[in-house]
Structures are given as C-alpha cells and as structure tokens.
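Coordinate inspection notes
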Amino acid sequence: MADTLLSLQGLTKIYPGVIANDDVTFDIGRGEIHALLGENGAGKSTLVKMIYGLNAPDKGQMLLDGAPYKPSKPSEARQAGIAMVFQHFSLFDALDVAENVALGMETPPPMSDLARQIREVSETYGLPLDPTRTVGTLSAGERQRVEIIRCLLQNPRLLIMDEPTSVLTPQEVEILFETLRKLKAEGTSILYISHKLEEIRALCDTATILRLGKKVATCTPAETSARQLAEMMVGASFATPEAKGGKTGEVLLAVNELSLPAPGAFGTPLREVSFEVRAGEVLGIGGVAGNGQDELLAALSGERMAPAGSIILEGKDISRAGPVARRDLGVLSGPEERLGHAAAPDMSLVENGVLTAARREGMLKNGFISWGKARQFAEEVIGHFDVRTPGPGTAARALSGGNLQKFVVGREILQGPRVLVLNQPTWGVDAAAAAFIRQSILDLAAKGGAVVVISQDLDELMEVSDRFGALNEGRLSPTRPVASLDIEQIGLMMGGAHDMEVAHVDE
Amino acid sequence: MIRLEKRPQPSQLWTYLTPVLAVLLTMLVGGVLFAFLGANPVEAIRTIFWDPLFNAQFAGFTRPQLLVKAGPLILIAIGLSIGFRAGIWNIGAEGQYIMGAICGAAAGLAFYPSESFLIFPIMIVAGALGGWAWAMIPAILKTKFGTNEILVSLMLVYVAETILGSVSTGLLRNPEGRGFPGSRNFKQWDAAHNSDLIANTGMHWGVVFAFIAVIGAYVLLTRHMLGFNIRLTGEAPRAARFSGVNPARIILICLGLSGALAGMAGLFEVTGPAGQVSIDFGSGYGFTAIIVAFLGRLNPIGILLAGLLMALTYIGGELAQLMLGLPGASIQLFQGMLLFFLLAMDVFTNFRLRIGKREVA
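Just so it is clear, the model here is predicted, and its values are computed rather than measured.

Turning our eyes to something else, we now look at the packing of aromatic side chains. On inspection of all chains with the given rule, the structure shows 18 aromatic pairs over all chains. Aromatic side chains Trp 14 of chain B and Phe 348 of chain B sit 5.2 Å apart centroid to centroid with 35 degrees between the ring planes, which places their arrangement in the tilted category. Taken together, the residues Trp 14 of chain B in helix 1 (residues 12-36) and Phe 348 of chain B in helix 14 (residues 328-350) connect sequence positions 334 residues apart. Here the aromatic rings of Trp 50 of chain B and Phe 54 of chain B are separated by 4.5 Å at their centres, their planes lie at 40 degrees, and the arrangement is tilted. When its relative accessible area of 49% is taken as the criterion, Trp 50 of chain B is described as partly exposed. One residue, Arg 327 of chain A, lies across the ring of Phe 242 of chain B, its end atom 5.1 Å from the ring centre.

Opposite the 28 residues of chain B that make contact, chain A presents 43 residues. Interface area for chain B against chain A, summed over the two sides, is near 2,800 Å², with a carbon-plus-sulfur share of 56%. Summed over the shared surface of chain B and chain A, the number is two salt bridges. Across the pair Arg 238 of chain B and Glu 337 of chain A runs a salt bridge whose closest N-O atoms are separated by 3.7 Å. The tally of links from chain B across to chain A stands at 10 residue pairs in polar contact (both at pLDDT 80 or more). Elements represented by at least two residues in the side of chain B that touches chain A include exactly helix 8 (205-223), helix 9 (225-235), helix 10 (237-243) and strand 2 (351-355) of chain B. The residue inventory of the side of chain B that touches chain A, partitioned by class, reads 11 nonpolar, six polar and 11 charged.

This part is about the pattern of salt bridges. Residues and elements named next belong to chain A. Applying the stated criterion to the full structure yields 25 salt bridges over all chains. One salt bridge connects Glu 178 with Arg 181, and the closest N-O pair in it is separated by 3.4 Å. Of this pair, Glu 178 and Arg 181 are both found in helix 6 (residues 170-185), three residues apart, which corresponds to roughly one turn of the helix. Exposure remark for Arg 181: the relative accessible area of 32% places this residue in the partly exposed category. Residues Arg 388 and Asp 386 are paired through a salt bridge, measuring 3.2 Å at the closest nitrogen-oxygen approach. Overall, Arg 388 belongs to the exposed group, its relative accessible area being 56%. Linked through salt bridges whose partners overlap, the residues forming this network are Arg 30, Asp 65 and Arg 157.

Before going further, it helps to examine the sheet that holds strand 9 (residues 206-211) of chain A. Residues and elements named next belong to chain A. One open sheet accounts for six strands, arranged 6-7-8-3-9-10; its pairing is mixed. Because the sheet does not close on itself, it has two edges, and the strands there are strand 6 (82-85) and strand 10 (214-219). Looking at each pair of strands side by side, their axes are set apart by 20 degrees on average, direction ignored. The pairing of strand 3 (residues 33-38) with strand 8 (residues 189-193) spans four bridges and is parallel. Counterpart to His 34 in the pairing with strand 8 is Leu 191. Packed onto the sheet, helix 5 (residues 140-152) meets strand 6 and strand 7 (158-162) and runs at close to 175 degrees relative to strand 6. Lying on the sheet, helix 6 is in contact with strand 3, strand 7 and strand 8; it crosses strand 8 at an angle near 145 degrees.

Reading guide: rules and limits
Residues numbered from 1 in each chain as written. Chains lettered and ligands numbered in written order. Predicted model: local features only at pLDDT ≥ 70, side-chain atom pairs only at ≥ 80, totals over all residues. Heavy atoms only, no water. Phe/Tyr/Trp six-rings, centres within 6.5 Å; stacked < 30°, edge-to-face > 60°. Helix = DSSP H or I, 4+ residues; strand = E, 2+ residues; numbered from the N terminus. Buried < 20%, exposed > 50% of the residue type's maximum accessible area, 1.4 Å probe, protein only. Lys NZ or Arg CZ within 6 Å of the ring centre and 35° of its normal. Contact = heavy atoms within 4.5 Å. Buried area = accessible area lost by both parts, 1.4 Å probe. Salt bridge = Lys/Arg side-chain N within 4 Å of Asp/Glu carboxyl O. Polar contact = N/O pair within 3.5 Å; in protein donor to acceptor, adjacent residues only side chain to side chain. Nonpolar A, V, L, I, M, F, W, Y, C, P; charged D, E, K, R; others polar. Pairing = 2+ DSSP bridges. Axes fitted to C-alpha atoms, helices over the stretch in contact; angles between N-to-C directions.

Here's what the structure looks like:
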C-alpha cells in the first residue's frame, strides 16, 4: 500500500430518491493514470465531486497518503494537491490567457511572472499556448490547455480530468496524451474520466468501472478488450451499429456556396460551404468546436436566413424559409445545446414535444393545441427511445443529459424527416444511449432519409457516415467517401485549407 | 448552517403556497409597523381586510368599490402578464391607460351630444387603439433599433401625463365648464356613460371586460399555439427561435395587447368612476397592475384573485387612514411589502431549504 496516493473506502452518497454512490472503494496509486468509466448517471461526477470537495460523502472515508482527507471545499482540495479540469470550461472569452489563469488562483503572482510561468509550464509539458492571446480566439483544445496549465501551476499530486478529449482533434489528443504521460513520469497521479474505451486502453494503467453508483470492477484496461469494458459498464451487451452500404437515391439537400457573416463577436462566419446529401445517405461533418458548427446548424434549421439560392431541398430554394416552413417541408434539426436551445429547461417533455412537432404531428387545430395528442407524441418518443423519466410531465431540466438527448433526437426522428441535421447527437451521452442514437440515425437513412451529422467525435462519424467533410474556420472541405479515409487524413482535413492540399497529394 | 438547494423542478405546492404566505407575512410585519405608528395592529389589519367587505355600518358603500378598483387592475395586469411571460417588460401601462382614456374620450366627444347606441362601442375601440398605439412606440423602437422597452415605456408615462394635462386644459376642456380644467362629464351623457350594469354592485363594463380578459388569457396561454410561443419565448428564447418563433412578432403582439387592454381600462375608468378627463386622472393603476400581475403568478386566475386582494387593500387602506389616522405612506408601504414578500418567498419554488451541516462549498 506504500504507493497508494488516495484511497477511497466505502464512499456512499445518497440524494433524495437515488443512491448516487454506493460503497465505492478503490485506490489511486502514485504516478498512475487511473480511468473512471461508467455510463451517464453511473455516479462518476458525484464521486469526483467528493474527491474535489464539492460534496461530502454520507458514509465512508478517504485517505490521502494514509491520513484522513475530508475536504469541505475545492480550495482545501487544491491545498492538498488535488486539481481538476472540468468538462465545461470556466473561462472568460474577453480576457487573455494569463488573466484567466490568474482568476483561478488563490494568490496570483504579478502578471509578468505569471506569463513567464505559463510559458515555462507550457514548454515543459508540450502544451503550446501564448499567455497574451484572448481566450475568445482560442480553439476548444487550446482552451483546455488553459485549464490544464492553471492546474499544473499548482503542482498537483492528483489531477482529475473529466472527459478531456471530447472536444479535441486526433492530433490534439496525441499532444494531450504526451502531456499526461510526462506528468505520470514525474509521479503525478491522474484520474481520467472518459467514455472512450480505446483511449482508456491506450493511456490508462488501471480502470475502475462504475454502474448505477456501484463499483463493478477494477481492471487493467490494456489487458481487457474494449468490448469487455463496455459490457461491464452497461451491464449487458449492446449492439454496435450495423454496417452501412445501403443504396443512396437522388440529392435531397444541396447547399451551394453558403456564406453567412459571424453572428457575434466570438462566432464564426460560414465561408462558401457547399455539399450535397442524397436520400439514404449520412454525411458526417467533423471539425474542432467553434469552427462554424453551430452557425451551419442555424443556417440549415432556418434559425438564420441564408442568401437566396444557397440551400436547395429537392430542387426547391428554401434559403429564405424559416424553421416552421422548413419543418413543413421535412427538414428537421437537432442543435448541440440540449437545454435552452433544443429544449426549454422548465417546460415538460410534452411541451417540448410541441416545440418542434406541433404541425407535423397534427397537434394543432385552428391554432389550438391538442394536449392529448401532444402527450401521446411525447409518450411515443419516451417509449421508442427508451427515455428514462418518471413521465411526460417531467421538466426537461430534470432529465439526465443522455436521456434528454435521446428525447431530443427521438423527437425529430419520430417525425419522419426527409432531411435531418444533428449537431453533436451523442455529446456527453453514455455508450449504450450513444449506440442507440447512432443506430436510429442509420435506420432513418435506411428508410430513405438524408442525414447530416455534425460532430467532434470522429469515431462516431466514421461509424455512421457514408461521406465525410470537415469544417475549419467556417470553410467546409470537399466531402469524400468515408471508406477512402484513414484517421490521419481526416486530421489533416480538419487542420485547414493548406493541409488539405497534402491530403489530396496523398490520394 | 442553513442553505438553499436547487430543486430538480419547480415545486407545484410552493407555487400556490407563496402568495398565501406572502399575504400572511405582510399582515404580520404590517401589523408590527402599525403598532409602531401607535395603532392597534389587530384592528388595523381588520380595518384593511375585513371591514370593507363585512362591516355592518359602511360595507354597503365600500363593497361595490371592490369591483370598481379591481376591474382596471385586472384588465391591465392580464395584458402585462402576457408580455411578462414572454420576457417583455412593459412598465408603461399607466401611460397607455391615460392615452386610451384620452383617445376614447375624444372619439366619443367628437359626436357630442349624439345619443346613438354606437357611441360607447366606438369609444371602447378608440380607447383600445389609443393604448395600443402608445405601446407600439416602445415595441417598434425595440424591434427596429433594439432599445430597452422598460425605459421607453416608462418614460412615455410622463409624456402621456403631460399630454393629459394639456388636453384637459385645452383640446378636450368642457366648453360649458366655465373655464375649469377637465372635459365634459360622461356621467351626464347617457350614450357614453359606463354605469353600473347592476345598481350598487360596482359591476360596470370594465369589470365585464376584465373577466373576459381573464378567460381569454387563460385559453390563450394554456390552449393556443400563440400562447405556447409566448411562454416559450420567455422561458428559453433560443429554443423559441429554434422552434420558429419570430421574436419581433411576439414583441409587437405582447406590447400591443397589453397597451390595448390598458387603453380600454382607461376608457372604462374615464367614462365610469372618474367621469371626465382631468389633470389628476392618472391614479397609478398602471403601476399597481404590475404588482397584481406578479402577485397572481402571471397566471390569469391568480391575477383575478390578486386584483381583488389589491383592490381590498386600497379600500381598506383608505378606510384605515380615515378611521385610525394611519398615514397614507404606511398603507403604500404595506402594499409594497406584499410584492416584497412574494418575491422573497418565490425562492422556495425553485430552491429547498436545508438545515444541517454544511456540505457544499
């Protein structure tokens, strides 16, 4: 036990109506990369919050270096040498890197010293970052580096990382892994939370799997197959999406040189985006976050009008049609942000069904809503898409992220769209739900629908798409059949226009 | 340690309980206030809440006043609440109320002394249009130039008050009024008089329209797609855009509707209880209606009850000034307390109180 840094013993946390953690016991070794695996709602966040002092356990104890460790707030955890990089960054867009780092410190050094320290740390750990850049101009990967460097400046003994690779390109993932391995070599322990099994197998020494709040197993991921890990996580075998290769029909949606100015100071303009999607086809659009994904979805859903002639549905110009008119024609969409964009947080699931399905599902009569039909539709979505909720009257914000995502995607798919545009359909969703959503996308395509999937998860795109394109600074690369691509080429496509040339030469 | 924990969803129970608790707390703290002012608190509270309705001696006079005061409050508050639901803050109902009264009165006076039965309906329409037009100013400025409707609508109240002063001494002054400011008295002109429909009940056309507005708003908000879109705009503006709601349209509808209802309330007041357009016509109904809208949880039925309660405190407050010699300011403070406690208690709809050891940083 001498090399144990943090020992969790019988940690239990009970929330009203649910046991978030039930008698969880495991050790994190010194200089070990320890994976924490589990579905959404398995209790990973609760567990990590207890370690980071955001929550106190109801039962059980933690030992840090053999001494009792009971942080009552995050600053105590940081003093004890435990730092955390959250999934959602807490950075101010309008401030520069150094200012953002200083804001997260208890006693920030003078700015000039801090900038020097940031440069030192970023060089030591291979995390290129300019302390004077404004955070609003940084990519998601760079933003994450700001958070990581903020943690590293405190010389942590245990670094907790929550889903760090969900926003990174393959190249950025490699850089991050190098950094983590360097930290490990220096004796820093890392608690690494992820859904991505291959990643865990490549990086982590040990993995602890949680399911429904209980520890299922602690194993060595390198010696366990991804499928075994996934099955331990889910508790049953889950279906991997069926192979593609259905027949594609005529062009349903054509986008011609679509250009739109940036919606705000930190938005991205769309620059001459062109693509076509055929019936029965899934087009995957990759790219690092903030390269025009949200803007493309808004232009396709009709939230923002596009220049005339730029968006054509089956030969009909729909560029100037609003969301309602586009839905009537069969163009449906699902934005990335579940709460507040795809769904109204305080409204019930029934009402959130009305949000997009009122006209297509015949819930309206002379403008009056038939709540009976609305409830029926919501129940159908809940039933078909296995949305776990007490009932259709539950407020959207009371659902876990994965369940709400199933509802939001299911709501659109059940309406039988001609064209479906989804942004990050499985973001933050557990493996079983993600597999289910992907299968639904494939089923829709098999029935002759055209689907555009915008995602930062490349594995997902490779799994569902027939063709692939990448967004970079609002430009879309030419789209190419997925079968002809390898992960290296995709990374280059995502990297930008000049890199594209290289990709072409390779072909 | 006492701390607040966010509820997974808003508590139904507390949504209904908070107004009741707010009234009780207002009585309690108000009683203490009155005690400091030298009055018997129990007597003061009884004078405000009980005597206007049930005192054998003067309830006969004060009871009809309940509807007279509640009518315009409810009519205006219903319009405001629909905008508030959409996150559109019309604070200038008082101005729309005044402009409705002026326009409606002017439309009627143009036909003086006709006794046609069409006069009163024409005045109602003109009153509604006057309030609507006044509310369209902040609406159009907001949709075209992104101005803040709170400031614009509020400032237009003072413009409306100035216009009121001008027309009562100029344009609409009674030519037979011996030079006194103020228009002809509608109470003396049957075709334009908004009299009690049932004698001595206070039940005039404005009260009827207030009840119709309550029912209409209820149906709009719970059954109609437009009402759904209004609620959606207020709760999640981005989701509303995604759903296909045109925000500019919602702004125009909500401000227009609240303006029209406030204008109608003004018309009913000027042709009924007030009787004439005069400098002191603006009585603050437009502002008090904001309290009524919130006290009623922006819910039509709630507003109906809140309007009656607010009217009661008005009448009871006057009574308390008269009978117990309480200063008028203390009554206003008492009414303000009601909104204060309501907003304070509101926390419990979305949060629950935990008493125990500290867990969360």
